[in-house]
Structures are given as C-alpha cells and as structure tokens.
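Here are the chains, one letter per residue:
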Amino acid sequence: MTAFNYWYVNAGYWEDDLDQYASMLPEVLDKQDTCDVLYFGESSNFSYHPTRDSLQDRISDFISYGFPELRFGTINSSAYHAGIYLPLIERIRSNSQVEFVIVTLNMRTLDQAAIYSELESALQQSARFYKPAPALINRLLVSLHYYDDRDAMERDRLKWQEWTYDTLTSDAPGIAFEPNTIRRWCETIKFPNADGIDSMEKRALADHYIKAYAFEIDEENPRIKDLDQIVRVCAERKFKLVFNLLAENVEYADSLVGENLVWLMRKNRDYLKQRYNSVDVRLVDNLESVAGKHYTDQNWTTEHYDQVGRQIIARNVQDTLRNWLAQTERKIKVIR
Amino acid sequence: MLFTSVAFLIFLPCVVLLYYLLPARHRWLLLLPASYLFYGWWKVEFLVLILFSTLVDYLVSRSMYQARSMIKRRLLLGVSLLSNLGLLFLFKYVIMFTEKPDPMILNIYSVDHPIMGMIKYGIYYAIPVGISFYTFQTLSYTIDVYFQRIEPEKHFGRFALFVSFFPQLVAGPIERFSHLMPQLKADHRFNYENVRNAFRLMLYGFFIKMCVADNIAPLVDAVYTNPNTYTTLSNWIGTLGFGFQIYADFAGYSLIAQGASLLLGIQLMDNFRTPYLSTNITEFWSRWHISLSTWFRDYLYIPLGGNRVAYGRWVLNILVVFAVSGLWHGADWKFMVWGLIHGAMYLLQRMGKQTGWTRTMPLWLSGLLTFIGVQFAWIFFRIDGMEGVSDHLHNLLHAGTQSLQIPPYVWLIIGFFILSDWILYNTRVDRWIGSKPIWLRWITYAWMLWCIAAWSGVTNHPFIYFQF
C-alpha cells in the first residue's frame, strides 16, 4: 500500500482527484506557507449584485485592504460550512506561516434544512479527501462511501421528523411559541390578500424563513461540534481564530414572520457569542449589521450582499482583528 | 449493508472468525442474527417484512406437509402466494399506478392530501431492498413443498436463515432450498483452498463493481439525462456503456456474494458466465442471471406447459415468461417491454432454427446480432420513461456537440474487463487464476488492488439490482 500510495501521489492521480472532488486542499497546502491570515468562506464571500455593484471585491479582499502588511489567503467554495472547514484547518501545519484563521459562520448552516441538505453528500465526500490520512486511503474510503452519504429520501425524512417533533420553547416575557413546531408554524402562517385569498408567494417566503431560522442551537448540534473542534485545533496550533458570524436579513424575518422568529435568531446569536469568545477566539457579530435592501436575493434567504453589505461585514472583522493585534506585541501597519 | 462499504469489510471477517469457532450445530445462532444485522443496517423496518414472510412460509409449509386433503394444500399454497406476492405487489407494483410522491410530502403546497401523501411516502420509503429476491426464494420453497419435492424444514431458526442468508439476501443468486439448506446444516471445516478461492472471487467482484461499473455509471447517467447535449459518439458510448455497467455491477455483486459465502464453506450457484459472448439469445439466458432464468423455467414456463403444447400456446408461454421476468425487475412498463424484446428475439431465433435460415449463419455473426439485440433492449431498461425512447434513438444518429470526458485509465479498465471476460469464457475467475503461475497471479492481484484503491468510481451508485 505504501508503494501504491507513493505512485498515486507522485504520478499525478491524487492531484487529478483533488481537482475534481476537493479543490480547496491544494490551496490550503500552498497558502499556509505564504499567508499570515487564512479566510475560510462560502458564497457570501464572492457573490455580488450584478447591476448595483461597482466593486466586485470579496469580503476577504475588503478585510485585507486594512492590513497591507499582512498576507491574506482566501479559501473559498460554495456551500462550505464548519464541518468542511475543519479537516482543511487540520491540514494547516502548526509551524506554518498562518497566524490568524478567519472562519465564516453562517447561522443557517446550523439549521435542519442545511444539516440534512442533499448537498451534504458531495460536501462530505470532499471532506473525506481533506482528512489527514494517506492520500490513497482517503481515495479508497471515498470509493467505499465512508462518509455521511445518506440518500435524499432519508435526509428528507430526518429533516421532517425534526420539523414535526422538535418543539420551540421560550422563557422570555411576551414570547410564546404556539404552534411550537416548525411544521405547525408553517401550516398556520397566512397572508390573505385584500380579496381574502392567501398570497402563496409571500407565504412560501415566510415559510422558508421559518425553516431557516426557527431552531435553537444546543451542544448536540453537529455544527457546534465541528466549531468546537475548530477551536480546539486552532488552540493546539496557536492560531488566532476569528468566527465571522454573517449577517442575516433580520428585517425581513421580522416583517414576514414576526418578533418570535427574530427572538430566536438573537437567542442563537447570543449562544454563539457566549460560546466562542475567549482568549484565543473572537466572534464578530454581524447578524443585524446589514439592512434588508443590501441583500442581493430579495426573495430567498441567503447571505449574499451587495458591495455595501460586504464592506460593512469586512469593516467589523477588521475592527476585531485590529483590536486583537493591538493587544499583541506585533506592530503592523493598519489602514482605517 | 453494502458489500462495498467499510462496515461490510469489518463485519465479514468477524462473522467468519466466529463461524469457525462455533460448533456446526450452533452456527445458525450466529448466521441468523448476522444476516438480520446485515439487512437491518439499511433500515430496521425491513426486518419486519422479512420476518413476516419467513413466519408465513414456515407455518404454511409445515401445515401443507401435514395436510391430507388437496383442497387444504391448495388453500395453503394460495395463502403463501398471496402473502408473498401481495407484499411484492404492495411495495413494488402499487407505485406503478401512482405518481412518485413529492419527497417534501409535508410541504404544505403538496398536491397530495396529507394522509395519502404520508401513505405513498411510507411505501416509497420502506420499499425493502431486494424484496424480489427473497420473495422468489421463499416462493420456490413453498411450491417445492406443495409438489412434495422437498420436506419442509422443522427448525424455524434454520428456515429463517435460509430466507435471510446474508451473502445472497438482497441480490441473489436466488438459491433453491435443496441446494442451500444442506450446506447451511453441514459441518464446514476451515479450508485454505476455499478461502483462497473466496478471496479471488471477491477481489474480481470488487474490481468489476467498483472500477468497471462505478466508472461507467456517471457516463451513462450523463448521456441518459441529457442525450441532446452529447455527440453521436458519446451517445453510443453511453448506450453501450449501460450494457457493460449493469453486467459488471450485477456480476460483481454475485461474485462477492459467492466469495463471502465460500468463506463460510457454502457454495452458491454461478449467476453469470460471460453472457455477452453468447452466440444466440438462448445461450444468453443460460449465461445471464442464471438463478432467475432457471427459476422462471422451473416455476413458470414448465407449469404453463413448456414446449409440450400447441405452437400458438408455446409462443404465448414464451412471451408471458419474458414479460413477467421483465416485470420482476420493477414497477414500470419499460421493464415489460424489455422482457418482450427478449421474448421476440428468442422466438425469432427458434423460428430461424426451425426453418433452417440461421443454420448457415457463422457463429461470430450470430453472436454479434445477439449482442446488438441485447444492447438495444437495455435502452428500454435504462431509459427514465417510455416517452424518452424515440428521443434517445434519434440521438444515436443526430445529437449535440459536447463530448464525454473519459479519463484514459477508464479505457484501460474497460479493456482489461473485456479481455478478462474473453479469457473467462467457460471458466470462473478463481479457477483461472489458480491455474496460472505465481508471478502472473500476483501481478493480477496487484493490478486489481491498485485499480480498486486508486481508480474506482467515486460517485455513489448502489448496486442496480438492489432496487429489484
């Protein structure tokens, strides 16, 4: 197997496989020796408004403009989340050049729709390639489907089970969940037009907002376990870790569904803030920092922003980095 | 549990080790739970159905054996047929007449009534893997008991093991009681020769499933999903590719099943013998899915009268057998058409033989025509809906501009597969490897291991016959 592994890696087959199924690994391996900061992001980083934006720079680019002396590298792929960033971060050597790791934290990746998404199989397949094991072993394990490879129907079943049976609770005054499951909540929401007929389009969007944000994060959430692991790995390797909690369209959540949903979003944000602010970790709270009009998708829940939105988020991350750098002995040039 | 999974690669050695540590009379106590674990690994719910089938057939066969009146025997046979075929009908054929449910059945905008939606979803969700295989295996048992060809098994546990024996449970070979049960009861000692042959069978099985079938599958999927996009050559590659995919997929599975069983000292019947090298369609059916074709011969064709009937009735018998064998594959009219095409080819060949016009035909030409006919029929088998057939055929002549991207190593693997099929004409891989010098054996092992580790297909394509 050792000889096979040598041949697999050196004859170019590994590279071909990575190109096709796990393209981020070569970038991490390259950039760890040339960058001080690695930014891990998904589509929120590079999406832009096709007509309104004069600047198409990514969030990570905007952040980097504030620190001309720091070398930034961006690891970027659509739909990635903490579970996929984790094996990539595990591949960064502790003696690499990397000092800061910025990880995008998208709140929706913690909901049931994302956890049981059909995209997960492909993402987990990539993650298998990223794991720190001999390349040929990873390749073989991918062929044997040694990763979360449940079929779409099973994922749907699990998702619906949680939406049907998981109950939402509140101890806050004025906030009560009745109905208290996502399924019942979706079924009861109505948007009658002037003529009394239900507005399906608006209802579908509200329904989607509920499915995306009506959940309560706890320790059992698989993404929390991934995030905890990221914290552990970064602490072991002495990387300074920043979680960039992305902005969500709280304005629309409020107008479509109401204060109960917003309360849940804030509660989840507070949970994350409390869990991930410590000596070696900072969480940048962008949840409510971008106004509804700056989202490029007005009819769906995404974290895609126009240039104003991207700049706002970048500025918040810059502030956190700046404050952190100020506390260290390292003196670097900062542009405000 | 999939054969091509890490779980199975851990499960099998554990079972084999414990099997040889146990005395023969207690081995069923290991194999039965192991078989249920293997099957329940997919969904625990599947076990309810297999237990139900097992219990019904056990009780029916015992009562049938003790019954003196013919009417009672027939009634009991009816109960067995009704329960087995009823389950098969419920899970496979009810959906033939209904639309596939919206996977998001709790979607409040679903067209289904919530209750109907739940029922349909439940049926789709719970379609047991390999139900056609174990149903046919138990059917053959009760029919054999009815005709007093065999005595029913007294021991419920051993009978349950006969129904659920894990190597062949979900995709065959469909074994007969008279062949499998004596082996399940026998005292098999650890035999190096058996183990060596088992590894050879399994290695080749893994190779053709993981490297041949799983590398061809994405090409076939691409062409069948968007035939208009691809060039004529790509459409031909995709169309012919499916013939190779399904063969490698199913024959690979059967070889792994045979190998896994042989590790326990139990010989399963051969299910494939290089079918694409057949020189006529009769020979093809004696080489393709042998356990099913012999099942249909013994339990449908002969009871219908076989060839000892008037010519017209014989023609009808042939068409019925092929149509039913098509429908056995699944709840779709396309499978029936596939079966009828084979039936028509069979009749044509027999007519040619009777009238003498095929007598002068060289074997290579007859073989080529058989190959073309079989590949043509696969189009109906693979196509998503009958309405797509004409479009697919049209695209074999006039199509788009995009070419399939096929890595060179895939051609190498396919070439090796064709060559090995040629070599294995009238022999089996374990026997062939065993007859070669040691250096050639180890080069072959190393080549297949390399292919499995580095070049096997990456996209998840479960065994095609699991759905049947």
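It should be emphasised that the depicted structure is a prediction, and the values quoted were computed from it without experimental measurement.

Colleague: What exactly am I supposed to notice about the overall build of chain B here?
Modeller: A count of helical and extended segments in chain B gives 19 helices and 0 strands. Radius of gyration (C-alpha) of chain B: 23 Å, near the 23 Å computed for a compact globule of 468 residues. Judged by the C-alpha coordinates and their principal axes, chain B covers about 65 × 65 × 55 Å. The buried share among the 468 residues of chain B stands at 42%. If you take every contact in chain B between residues at least 6 apart in sequence, the share linking residues at least 24 apart comes to 73%.

Colleague: Can you help me understand the overall build of chain A in this one?
Modeller: The secondary structure content of chain A amounts to 16 helices and 5 strands. Against the compact-globule benchmark of 20 Å for 336 residues, chain A has a radius of gyration of 21 Å, which places it among compact chains. Based on the C-alpha atoms only, the size of chain A along its principal axes is roughly 70 × 50 × 40 Å. Residue burial in chain A is summarised as follows: out of 336 residues, 40% are buried. Here the contacts in chain A between residues at least 6 apart in sequence split such that 75% fall between residues at least 24 apart.

Colleague: Before we go on, may I ask you to explain helix α13 (residues 222-236) of chain A in this structure?
Modeller: For an α-helix, 3.6 residues make a turn, and residues three or four places apart therefore share a direction. Residues and elements named next belong to chain A. With 15 residues, α13 extends 21 Å from end C-alpha to end C-alpha; this agrees with the ideal 21 Å at 1.5 Å per step. Those residues of α13 lying buried are Asp226, Leu227, Ile230 and Cys234. Buried residues of α13, seen end-on, are gathered within an arc of 100 degrees and therefore sit on one face of the element. Counted as exposed and oriented over 90 degrees from the buried face of α13: Arg232 and Glu236. Buried-residue contacts for α13 involve α6 (82-90), β3 (100-105) and β4 (240-245). One or two steps after α13, the chain reaches lysine 238, where phi turns positive at roughly 60 degrees.

Colleague: I would appreciate a short explanation of the sheet that holds β4(A) in the present structure.
Modeller: Either a parallel or an antiparallel arrangement is found when strands of a sheet pair, and the pairing is made through backbone hydrogen bonds. All names here are of chain A. Ordered in space as β2-β1-β3-β4-β5, the 5 strands form an open sheet in which the pairing is parallel. Lying at the two open borders of the sheet, with one neighbouring strand each, are β2 (72-76) and β5 (281-285). The mean angle between the axes of side-by-side strands here comes to 20 degrees, regardless of whether they run parallel or antiparallel. By the bridge criterion, 4 bridges tie strand β1 (residues 37-41) to β3 in an arrangement that is parallel. Residue pairing in the sheet places tyrosine 39 in a bridge with isoleucine 102 of β3. Running over the sheet, α6 touches β1, β2 and β3 and is turned about 165 degrees from β3.

Colleague: Please clarify how the interface of chain B and chain A should be interpreted in this entry.
Modeller: A common way to report how large an interface is uses the accessible area buried once the components associate. Tallying the contact residues gives 16 residues for chain B and 24 residues for chain A. For the side of chain B that touches chain A, the leading source of residues is helix α19 (residues 438-455) of chain B, giving 3 residues. Residue classes in the side of chain B that touches chain A are distributed as 11 nonpolar, 5 polar and no charged.

Colleague: It is not clear to me how the domain arrangement of chain B should be interpreted in this structure. Could you clarify?
Modeller: Residue and element names in this part refer to chain B. Split into domains, chain B comes out as domain 1 (26-187) and domain 2 (193-395). Centre-to-centre separation of domain 1 and domain 2, based on C-alpha positions: 25 Å. Listed as interface residues are 18 residues of domain 1 and, on the opposing side, 18 residues of domain 2. Mapped onto the side of domain 1 that touches domain 2, the elements with two or more residues apiece are α4 (70-93), α6 (131-146) and α8 (177-185). Top contributing element to the side of domain 1 that touches domain 2 by residue count: α6, with 4 residues. In terms of residue class, the side of domain 1 that touches domain 2 is made up of 10 nonpolar, 6 polar and 2 charged.

Colleague: I keep staring at the nonpolar core and nothing clicks. Help me out?
Modeller: With 112 residues, the main nonpolar core has B:Phe162, B:Phe207 and B:Cys211 as its most contacted residues. Residue contributions to this core peak at 17 residues, all from helix α9 (residues 192-225) of chain B. In terms of domain composition, this core takes at least three residues from each of domain 1 (26-187) and domain 2 (193-395) of chain B. Look past the residues within four positions of B:Phe162 in its chain and what remains in contact with it is B:Glu153, B:Phe177, B:Leu180, B:Met181 and B:Leu184. Counting residues in each nonpolar core, the second largest holds 58 residues, with A:Ala22, A:Leu25, A:Ile63 and A:Cys234 among its members.

Colleague: Would you mind showing me how to read the packing of helix α10 (residues 232-263) of chain B against helix α15 (residues 363-382) of chain B here?
Modeller: Geometry of a packed helix pair, given as the angle between the helix axes and the separation of the axes. Residue and element names in this part refer to chain B. It is the contact of α10 with α15, at a shortest axis distance of 9 Å, that shows an interaxial angle of 85 degrees. Taken together, the axis directions place α10 and α15 in an arrangement best described as roughly perpendicular. Side by side, α10 and α15 meet where Thr239, Leu240, Phe242, Gly243 and Ile246 of the first sit next to Val374, Gln375, Trp378, Ile379 and Arg382 of the second. Tallied by class, residues from the contact of α10 with α15 come to 6 nonpolar, 3 polar and 1 charged.

Colleague: Could you clarify how one ought to interpret α4(B) in this entry?
Modeller: Burial in α4(B) covers these residues: B:Arg73, B:Leu76, B:Ser80, B:Asn84 and B:Lys92. Where α4(B) is buried, its residues touch α3 (45-66) and α6 of chain B.

Parameters and conventions
Residues numbered from 1 in each chain as written. Chains lettered and ligands numbered in written order. Predicted model: local features only at pLDDT ≥ 70, side-chain atom pairs only at ≥ 80, totals over all residues. Helix = DSSP H or I, 4+ residues; strand = E, 2+ residues; numbered from the N terminus. Rg over C-alpha atoms; globule rule 2.2 N^0.38 Å. Buried ≥ 20, exposed ≤ 12 C-beta atoms within 10 Å, placed from the backbone. Contact = placed C-beta atoms within 7 Å. Expected span 1.5 Å × (residues − 1). Arc of directions from axis to C-beta. Pairing = 2+ DSSP bridges. Axes fitted to C-alpha atoms, helices over the stretch in contact; angles between N-to-C directions. Nonpolar A, V, L, I, M, F, W, Y, C, P; charged D, E, K, R; others polar. Domains from an automatic or database assignment. Core = buried A, V, L, I, M, F, W, Y, C linked by C-beta atoms within 7 Å. Parallel < 35°, antiparallel > 145°, perpendicular 65-115°, else oblique.

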